[in-house]
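Per-entry structural report
Take a look at the letters that make up each chain.
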Amino acid sequence: MKSYIKCSGGFHQCLTWQPNCWVNVECPTEAERSYLINELNIPEPYVNDIEDVDERPRIELEDGWFLILMRLPYKNEDESLPFSTVPLGIIFKDDCFVTICFHKTEMLTDFIQYGNRKNITITNHFDFVLKLLLSSSVWFLKYLKQINQRIKLAENQLEKSIKNEELQALLQIEKCLVYFTTSLKGNDILVHRVKNIKDYRDTFDTELVEDVEIELRQALETTNIYSDILSGMMDAYASVISNNLNIIMKQLTSISIILMIPTLIASLYGMNVPNMFQDNRMGFWIVILISSVFSISGVLLFKFKKWF
């Protein structure tokens, strides 16, 4: 999907391309890809690099075209890996500014809505890049809150669990945190490289750069904290699951022993050999009474020993 957006006092949709407008392309089709390469003259290797889901954050300059590649947090529909990160490519030269992402993300939609609420005006291309980096950091923190809720839910289920499903859910969350940590570190390095560009370092809004660095640092520290907590929690709850299973096995073994007592007595008096009750009309009830007494004694003994 391709859209033209004018960035002055908020974001306003345009029907066609205008100088200094923002061309936002999400999940580009072949026709849109051809438009970017053939009509806007964007270098084709740039588009190919952005399409690679494993591409790392970096900045490049080729024939006057800047490519700034950053990582965005992404919420998957696949519950096996609920959160990951995807590349967002920012390409600009003179009066042309293009963002390309091969995944539909919540961040860009929210960024446009936020810009309209705050009547944001973009002064230059690098100012736009820094605002996008700031927005991505905020969304990392939003998704980290959702991850924390998932951890708490899995923790509550694990307390009485003897299955591995909840532990596997925590393992998937740990993978998400690894993706977040790697991407945030890459974005942090990208910010330092952008603000140290020799020809532009004096044009940056220092407060905006500082805000970006603070939000990135906070997101990275939060991710590391959650990752450390989750790692220790997984080790602890692996032992809890094993202990819960041992308790159940102990209870089942105790029940089997209690049930074995009347079975043994009934087997002894049920053998086809003479015994003291073979001619007694009350023999059946006497055997039942003996079995009950020994069984109850066994239950009381197990209770005293706290084996139940």
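Rules used throughout
- Residues numbered from 1 in each chain as written.
- Predicted model: local features only at pLDDT ≥ 70, side-chain atom pairs only at ≥ 80, totals over all residues.
- Heavy atoms only, no water.
- Phe/Tyr/Trp six-rings, centres within 6.5 Å; stacked < 30°, edge-to-face > 60°.
- Helix = DSSP H or I, 4+ residues; strand = E, 2+ residues; numbered from the N terminus.
- Lys NZ or Arg CZ within 6 Å of the ring centre and 35° of its normal.
- Expected span 1.5 Å × (residues − 1).
- Buried < 20%, exposed > 50% of the residue type's maximum accessible area, 1.4 Å probe, protein only.
- Arc of directions from axis to C-beta.
- Patch = residues over 30% accessible without salt bridge, like charges linked within 9 Å, V, L, I, M, F, W, Y side chains within 5 Å.
- Areas by Shrake-Rupley, 256 points an atom, 1.4 Å probe, with all protein chains shown as cover.
- Salt bridge = Lys/Arg side-chain N within 4 Å of Asp/Glu carboxyl O.

On to the packing of aromatic side chains. According to the stated counting rule, one finds 15 aromatic pairs in the structure shown. Measuring from centroid to centroid gives 6.1 Å for Trp22 and Phe111, while their planes differ by 75°, and the two rings are edge-to-face. Of this pair, Trp22 sits in strand S3 (residues 22-26) while Phe111 sits in helix H3 (residues 106-118), placing them 89 residues apart in sequence. Through successive ring pairs, a cluster of aromatic residues spans Phe11, Trp22, Phe66, Phe92, Phe97, Phe111, Phe126 and Phe128. Between the NZ or CZ atom of Lys2 and the centre of the ring of Tyr35, over which it lies, the distance is 3.8 Å. If you follow Lys142 out to its NZ or CZ, it ends over the ring of Trp139, 4.3 Å from the centre.

With that settled, consider helix H7 (residues 283-304). Between its first and last C-alpha, H7 extends 32 Å over 22 residues, near the 32 Å set by a 1.5 Å rise per residue. Among the residues of H7, Gly283, Val287, Ser291, Ser295, Gly298 and Phe302 are the ones counted as buried. Buried residues of H7, seen end-on, are gathered within an arc of 95° and therefore sit on one face of the element. Across H7 from its buried face, at more than 90 degrees, point the exposed residues Trp285, Leu289, Ile296, Leu300, Lys303 and Phe304. Backbone geometry just after H7 places Lys306 at a positive phi near 60°.

With that settled, the discussion passes to a nonpolar patch on the surface. On the surface, a nonpolar cluster with roughly 530 Å² of combined accessible area is contributed by Leu245, Ile248, Met249, Leu252, Ile255 and Leu259. Relative to the helices and strands, Leu259 resides in helix H6 (residues 206-269).

The values reported here are purely geometric and, on their own, carry no functional implication.
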